[in-house]
Amino acid sequence: MTLTIRNIVPIIKANWIGQNDVAIIDYISIDSRSLQNDENTLFFALSGPNHDGHQYIEELINKGTQYFVVTRIPEDVKEKGNFLVVENTLEALQKFAAYYRSLFDFPIIGITGSNGKTIIKEWLNFLLSPDYNIIRSPKSYNSQVGVPLSILGIKEKHNLGIFEAGISTTNEMEKLQKIIQPTIGILSNIGSAHDEGFQSVAEKIKEKLKLFTSVKVLILNKNKSISAFVNPKIKTFSWCSDDKSADVYITKKNTDELTVLCVTYQEDTFTITIPFHDQASIENAIHCMMVMLYFGYNQKVIQTRMAQLYPVEMRLKVKNGINNTTIIDDSYSSDFQSLKIALDFLENQKQHKKKTVILSDIFQSGLNNEELYSQVSQLIISNKINRVIGVGETISQYKNKFINCIAFKNIDDFITSFENLNFENETILIKGARDFHFEEIVSMLEEKTHETVLEINLNAISHNLNFYKSKLAPKTKMMVMVKAFGYGNGGFEIAKLLEHHKVDYLGVAFADEGISLKSAGITVPIMVLNPESTSFSALIQHQLEPEIYSIKGLKAFLKIAEQKKLKYFPIHIKLDTGMHRLGFEEENLTELIQTLKGNETVQIKSILSHMATSDDLKHDAFSKSQIALFEKLSSQLQTSLNIKPIRHILNTSGITNYPEAQYDMVRLGIGLYGISNDYEEQKELENVGTLKSIISQIRTIEKGESVGYGRRFIAEKETIIATIPIGYADGIRRSWGHGVGYVVINNIQAKIIGSICMDMLMVDVTNIDCKEGQTVIVFGENPTVNFMAKQLNTIPYEILTSISQRVKRVFFRE
Ligand SMILES: *Cc1c(COP(=O)(O)O)cnc(C)c1O
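Scoring rules and cut-offs
- Residues numbered from 1 in each chain as written.
- Predicted model: local features only at pLDDT ≥ 70, side-chain atom pairs only at ≥ 80, totals over all residues.
- Heavy atoms only, no water.
- Helix = DSSP H or I, 4+ residues; strand = E, 2+ residues; numbered from the N terminus.
- Rg over C-alpha atoms; globule rule 2.2 N^0.38 Å.
- Buried < 20%, exposed > 50% of the residue type's maximum accessible area, 1.4 Å probe, protein only.
- Contact = heavy atoms within 4.5 Å.
- Pairing = 2+ DSSP bridges.
- Axes fitted to C-alpha atoms, helices over the stretch in contact; angles between N-to-C directions.
- Near = heavy atom within 4 Å.
- Polar contact = N/O pair within 3.5 Å; in protein donor to acceptor, adjacent residues only side chain to side chain.
- Areas by Shrake-Rupley, 256 points an atom, 1.4 Å probe, with all protein chains shown as cover.
- Nonpolar A, V, L, I, M, F, W, Y, C, P; charged D, E, K, R; others polar.
- Disulfide = S-S within 2.5 Å.
- Phe/Tyr/Trp six-rings, centres within 6.5 Å; stacked < 30°, edge-to-face > 60°.
- Parallel < 35°, antiparallel > 145°, perpendicular 65-115°, else oblique.
- Left-handed = near helix turned anticlockwise from the far one by under 90°.
- Core = buried A, V, L, I, M, F, W, Y, C linked by side-chain atoms within 4.5 Å.
- Domains from an automatic or database assignment.

**Let's talk about the overall build of the protein**
Looking only at helices and strands, the protein has 27 helices and 41 strands in total. What you see for the protein is a C-alpha radius of gyration of 30 Å, in line with the 28 Å of a compact globule of 814 residues. Reported as C-alpha extents along the three principal axes, the dimensions of the protein are approximately 90 × 80 × 60 Å. Looking at the protein as a whole, 54% of its 814 residues qualify as buried. For the protein, the proportion of contacts with a sequence separation of at least 24, taken over those separated by at least 6, is 65%.

**Some points on the sheet that holds strand β8 (residues 108-112)**
Two orientations exist for strands paired in a sheet by backbone hydrogen bonds: parallel and antiparallel. Read across the sheet, nine strands follow the order β9-β10-β8-β11-β12-β13-β14-β15-β16 without closing on themselves; strand pairing throughout is mixed. Two strands in the sheet have a free side with no partner beyond their single neighbour: β9 (134-136) and β16 (268-274). This sheet shows a mean twist of 20° between the axes of neighbouring strands, independent of strand direction. Taken together, the seven bridges between strand β15 (residues 259-265) and β16 define a ladder with antiparallel strand orientation. In the sheet register, T259 faces β16, and the bridge partner there is I274.

**Thoughts on the site of the ligand**
The local shell around the ligand consists of M481, K483, Y487, L529, R581, H610, N651, T652, R667, G669, I670 and Y797. Between the ligand and the protein, one listed contact pairs an oxygen atom with a backbone N or O atom of G669 at 3.1 Å. In the model, an oxygen atom of the ligand is placed 2.8 Å from a nitrogen or oxygen of the I670 main chain. Protein chains bury 94% of the 390 Å² of accessible surface belonging to the ligand in isolation. A class-by-class count of the residues in the shell around the ligand yields five nonpolar, four polar and three charged.

**Details of the state of the cysteines**
As used in these notes, a disulfide is a covalent bond between sulfur atoms, one from each of two cysteines. A full pass over the atoms with the stated rule returns zero disulfides. No disulfide involves C757; its sulfur sits 18 Å from that of C770, the nearest cysteine.

**So, the environment of S32**
Its place among the elements puts S32 in the loop between β4 (27-29) and β5 (41-44). Setting aside residues no more than four positions away along its own chain, S32 makes contact with N37, F43, Y56, L60 and K63.

**Here's the deal with unusual backbone geometry**
The step from N782 to P783 runs through a cis peptide bond, and the omega angle for that step is -5°. With respect to the helices and strands, the residue P783 is situated in the loop between β40 (775-779) and α26 (785-791). Not every positive phi belongs to a glycine, and N425 is a case in point at roughly 45°. Of note, N425 is situated in the loop between α14 (411-416) and β22 (426-431). Overall, N425 belongs to the partly exposed group, its relative accessible area being 42%.

**Some details on the packing of aromatic side chains**
Counting across every chain of the model gives 24 aromatic pairs. Aromatic pair F44 and F96: ring centres 6.5 Å apart, planes at 20°, arrangement stacked. In this pair, F44 is assigned in strand β5 and F96 in helix α3 (residues 89-102), connecting sequence segments 52 residues apart. Relative accessible area serves as the criterion here: at 2%, F96 is assigned to the buried category. Both rings, one in F414 and one in F418, keep their centres 6.1 Å apart while their planes meet at 65°; by these two values the pair is edge-to-face. One aromatic cluster in this structure is built from F44, F96, Y100, F104 and F106.

**A word on the packing of helix α16 (residues 458-469) against helix α18 (residues 491-500)**
At a minimum axis separation of 11 Å, α16 and α18 run at an interaxial angle of 50°. Classed by the angle they form, the pair α16 and α18 counts as oblique. Between α16 and α18 lies a crossing whose hand is right-handed. For the pair α16 and α18, the contacting residues are L458, I461, S462 and L465 in the first and I494, L497 and L498 in the second. Looking at side-chain class alone, the contact of α16 with α18 contains six nonpolar, one polar and no charged residues.

**Considerations on the nonpolar core**
Most often, soluble globular proteins keep nonpolar side chains buried together rather than apart. If you look at the biggest cluster of nonpolar residues, it comprises 105 residues, and the most contacted ones within it are V480, L506, F557, I573, I745 and V763. Residue contributions to this core reach at least three from each of two domains, namely domain 4 (455-683) and domain 5 (689-813). Once you skip the residues sitting within four places of it in the chain, I745 turns out to touch I695, A750, V763, V765, I768, C770, Q774, T775 and V776. Core analysis: the next-biggest nonpolar cluster, separate from the first, contains 50 residues, L3, F106, I179 and F212 among them.

Laid out in structure tokens, this is it:
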């Protein structure tokens, strides 16, 4: 969606004071620190009680941002920027988002309720993403600011949206409704959380329901206290566990780890198993299932996918703690409802027999403290918590209500006594209201992992896969190359995700890569690009499909296959159309046809070739000649052997540049991992890998002193340097050192000085506010692997696959 300043001015009713109003805007920002701000950014200067976006305009102009939505033009930047002056910048952002939303017309699911919004959103994304290109709110972006920012992420390629809306008081939902304009509504669990902004539960329910004023259908738990407020004109699709008049009637049975739901819908009854047994997760899962039913998914698909639901740790995070403890970090909210959810969660996650809860004062309207703490104590007892550590004035007063409770008036007293609390071999739930700053407790208890990790964003992989899928004709199949350990990103985990997304084939380079995937339980067919004849037997045993590229190889394979009395074993025929690496050439075809004619031992599953320059349009004529030769040779094989195998020739950049040559399948590689050499396409991809390390030591050196081997850096002035424990043995090229490359600390670039060592490198942090132990980004969003590759005169493939296996891979979903 291309929008220029000229388009935007009337939408937000701004007064335009600037020069270039035909400038294209492709990024909306409210964060002056964002490294994504650039010359095509429109910055909204939001103002609140604690901050004023107008203060950052000058800094942003110096960094290259030019367009600003403001309520006033600060004196010092008058001549320097381009301004859209409005009365209220937040309202302008919301208006813009509402307009932007109206440009798209695909189904949008809007979720609100007191609990579960984020989990439902994440799970729906997981359940539906094999079939849709989904845009959804990032993290828990559900506020007056978060919702418009989420909506502005919609792109043409999306065909389903999932957005959550959160409100804390009246008159907020109407605004969110205008921005999201949901067509399908979900009302999640209405609890007593966030009650403070409402006069009554009724008022809260009425306000939440305003999200659904123009939905085509509202999905909800049938319940008298809520149904009374639902406008009867709105079509509902309801479920219930005790009222058979609901559209879907559900009963449940808990087993040890799992819950079996018995679902009755349209005279049909079937069961679904989900890997959770706490009430909140069950309700959230049911809401997701309702969407699948509404979308007409069949039982089998619902059953398979629901069984794979996973814990969403966006709010309750599980971490490894000191002395073999496990920490559940819920250090931002404290009300009775969320305590219940957290205790449930503790029970599900617990890794140790012993359970401790660290709890702040509880904020809850409607109950007096006496009653409230009696109820909390009851809850703690029923959850068999071994000890309670209270922090806060009020909980201290009521500590006698608990069995085995130590209480501290404030967090400082807690910290002073920390050593005596002997945390070990236990699961610890840390639950406190924001004001108590329990994150300090979390950081004391958290195990410090002084290691370099490559973080892999699985959501980004799904996103990138869907991006390339959207470029394919509906019938075109997808093979994804996961050779070289998934381009360095992780073999099994990525293969597992691709399996979930139903790709048609995986491709590996060698038989052992395929064997390890098959042994780990991957069931998608796997093609092996370069099978050695010594591995043929193992390959057959593991049902791996060889690429055959020579008469010699074919005969060797046939010999073994015949000994094993195989019938129609799938093989893939590789043609050399100009790459001159592997493959049959035109002159070999006759012999190939002779050998295979009438043969029933093997079956040609596919015919493929590989392009040498699909990324470079300078060689367009050559690429086209490869495609033409592929067409000719593969047709010849098809006719002579009377077969109709899958044909495929395109790799990632081929998908981009030669859409007409998709044939029956494409082979996606580097693009999945978030890297494209096409500038426009790169903007559509999400970053997958972030290589992170930490600062081991900081020191100050005097003018004239040197750093590292060979004294290749000499300080010209007093310089502060930090040492990072990552070096060329981890895959960071030596040529990235000595003033060429940088790492990012606190969003600021720190130049690498001196030579990169085997296990360490040093950076200049003179102008960066940082301390030992702090996180350092080696590559990811900035610097990108693409950028590094350009600087180092190589290609991103080499950078990615060079990251040593000693660097731990950590996989996460946002
Ligand atoms: C690696 C590889 C691909 C994928 O290439 P990308 O450029 O990473 O998309 C496709 N086909 C073959 C034969 C390959 O070796």
